[in-house]
Amino acid sequence: MGNRLVGYGSYLPEKIMTNKDFEKIMDTTEEWIVQRTGMQERHFSKDDETVADMGLIAAQRALENAKLSIDDIDMIIVATTTAELDFPSVAVQIQGKLGSSHEIPAFDVRGACSGYIYALHAARAFFTSGMHKRIMVIGAEKMTRFIDWEDRSTAVLFGDGAGALIFEHSTSSYSGIIDTVVMADGTGFDMLYGTLDHKIKMNGPETYKKAVTLMPAAAEYIMEHAGIAAEKVDWIIPHQANLRIIQSGAERLGFPLDKIIITVDKHANTSGASGVLALAHALDNGTIKKGQLILYPAFGSGLTWGAALIRV
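Residues numbered from 1 in each chain as written. Predicted model: local features only at pLDDT ≥ 70, side-chain atom pairs only at ≥ 80, totals over all residues. Heavy atoms only, no water.

Novice: Outline the packing of helix α3 (residues 51–66) against helix α4 (residues 90–98), listing residues and values.
Specialist: A pair of packed helices is characterised by two quantities: the angle between their axes and the separation of those axes. Packing of α3 against α4 brings their axes to within 9 Å, and their N-to-C directions diverge by 55°. In terms of orientation, α3 lies oblique with respect to α4. In the packing of α3 onto α4, the handedness of the crossing is right-handed. Residues Val51, Ala52, Asp53, Gly55, Leu56, Ala59, Gln60 and Leu63 of α3 form the contact with α4, whose own contacting residues are Val90, Gln93, Ile94, Lys97 and Leu98. (Axes fitted to C-alpha atoms, helices over the stretch in contact; angles between N-to-C directions. Helix = DSSP H or I, 4+ residues; strand = E, 2+ residues; numbered from the N terminus. Parallel < 35°, antiparallel > 145°, perpendicular 65-115°, else oblique. Left-handed = near helix turned anticlockwise from the far one by under 90°. Contact = heavy atoms within 4.5 Å.)

Novice: If you had to explain the sheet that holds strand β6 (residues 134–142) to someone new, which residues and values would you point to?
Specialist: Taken in spatial order, the five strands of this open sheet run β1-β7-β6-β4-β5, and their pairing is mixed. In the strand order of this sheet, the two ends are held by β1 (2–11) and β5 (106–109), each with one partner. Across this sheet, the average inter-strand angle for adjacent strands is 20°, counted without regard to direction. Bridge count for strand β4 (residues 75–79) against β6 is five bridges, and the pairing is parallel. Bridging from a neighbouring strand, Ile77 pairs with Val137 of β6. With respect to the sheet, helix α10 (residues 274–284) is in contact with β1, β6 and β7 (160–170), its orientation differing from that of β1 by roughly 90°. (Pairing = 2+ DSSP bridges.)

Novice: Describe the pattern of salt bridges, listing the residues and the values that go with them.
Specialist: Per the counting criterion, the structure on display carries nine salt bridges. With its nearest N and O atoms 3.9 Å apart, the salt bridge here joins Asp21 to Lys24. Remark: Lys24 and Asp21 occur in helix α1 (residues 19–25); sequence separation between them is three residues, near one turn of the helix. The partly exposed category is assigned to Asp21, whose relative accessible area is 23%. A relative accessible area of 68% means that Lys24 is categorised as exposed. Residue Lys209 pairs with Glu206 through a salt bridge whose shortest N-O separation is 3.3 Å. (Salt bridge = Lys/Arg side-chain N within 4 Å of Asp/Glu carboxyl O. Buried < 20%, exposed > 50% of the residue type's maximum accessible area, 1.4 Å probe, protein only.)

Novice: Go over the sheet that holds strand β11 (residues 235–236), please, and point to the residues and values.
Specialist: Read from one edge of the open sheet, four strands run β8-β13-β12-β11, paired in mixed fashion. Whereas interior strands pair on both sides, the edge strands pair on one side only; in this sheet they are β8 (176–184) and β11. Here strand β12 (residues 293–300) runs beside strand β13 (residues 304–311); their pairing, made up of eight bridges, is antiparallel. Paired with Leu295 across the two strands is Leu309, which belongs to β13. Seen against the sheet, helix α7 (residues 204–226) touches β8, β12 and β13 and runs at an angle of roughly 145° to β12.

Novice: So, the layout of surface pockets: which residues are in play, and what are the values?
Specialist: By volume, the largest pocket amounts to about 750 Å³. Along its surface, the largest pocket is lined by 30 residues, and Thr81, Thr82, Arg110, Phe146 and Gly194 are the ones closest to its centre. The element that contributes the greatest number of residues to the lining of the largest pocket is strand β9 (residues 192–194), accounting for three residues. In this structure, the second largest pocket occupies an estimated 490 Å³ of space. Surrounding the second largest pocket, 24 residues form its lining, Leu157, Met202, Gly204, Tyr208 and Asn242 being those nearest its centre. Secondary structure elements with two or more residues in the lining of the second largest pocket: α2 (30–37), α6 (152–155), α7, α8 (243–253) and β12. For the lining of the second largest pocket, the element with the highest residue contribution is α7, accounting for five residues. A breakdown of the residues in the lining of the second largest pocket according to their chemical character gives 13 nonpolar, nine polar and two charged. (1 Å grid on protein atoms, 1.4 Å probe; cavity = no way out; pocket = protein on both sides within 12 Å on 5 of 7 lines; lining within 4 Å. Points joined across faces, edges and corners; volume = space filled by probe spheres on them. Nonpolar A, V, L, I, M, F, W, Y, C, P; charged D, E, K, R; others polar.)

Keep in mind that these numbers describe shape and distance, not what the molecule does.
Shown next as structure tokens:
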């Protein structure tokens, strides 16, 4: 019971916050930010723009791209950690805004920066079980809700946005979401977390050490598990957390940087939306072509990490 990718869409807020803009409001410099993160700009949503609003636009664009309506979808899974409401889920809000005439299930996955991998893992399981035929996976985040403007080490790292992917049942097991693996280690939860007053707390050095080892490890594991040699992978789309982490992971895996999709310079870290946004961006500009194989590793708060193999 395989699946295939039939549509995608993305949304980035209009407002762009550059490193020069940060220079005006805190004790930092463009050189300091670029040297440590590789980031040059990020998109900030409006104050009244919600996670569901952004996810809705990405979903609408994915449906248009797939030439489908919401009534063709039989499940919505949203990866997010920044929902404004404790309940109901962002997925339910998007389902309602899309005007579905069917009572399709919709739920959120809360896996921080690994959330979109967890969402893909869930979608793959539903396809394998045969319970659902066409699933929309959305990553949507408003990370700016958690920015601590007094902490330059984290304030510059994050941006907002949303991406959506639509998969449908296929008889081929070598298309769409081919394989997934997700893992967690809750003993490391205090390395990176959000406080009750919406501030990000991060032990940067320890988080970096974990990210540069666990993401490549997940990538190696899934290639071995799926029986796919590294040379068969066309592109790697790592979680866009930090350029240094991406470069280190590529080196550990032995992949040249020209096979790595990088959007962290333009989007910064959009957490659970990161990988979906990066894939949509690469499909839009023609970098990734139909039929190519994508390796998707991610690492995030929790600690959570994992990887997916997708043929587009």
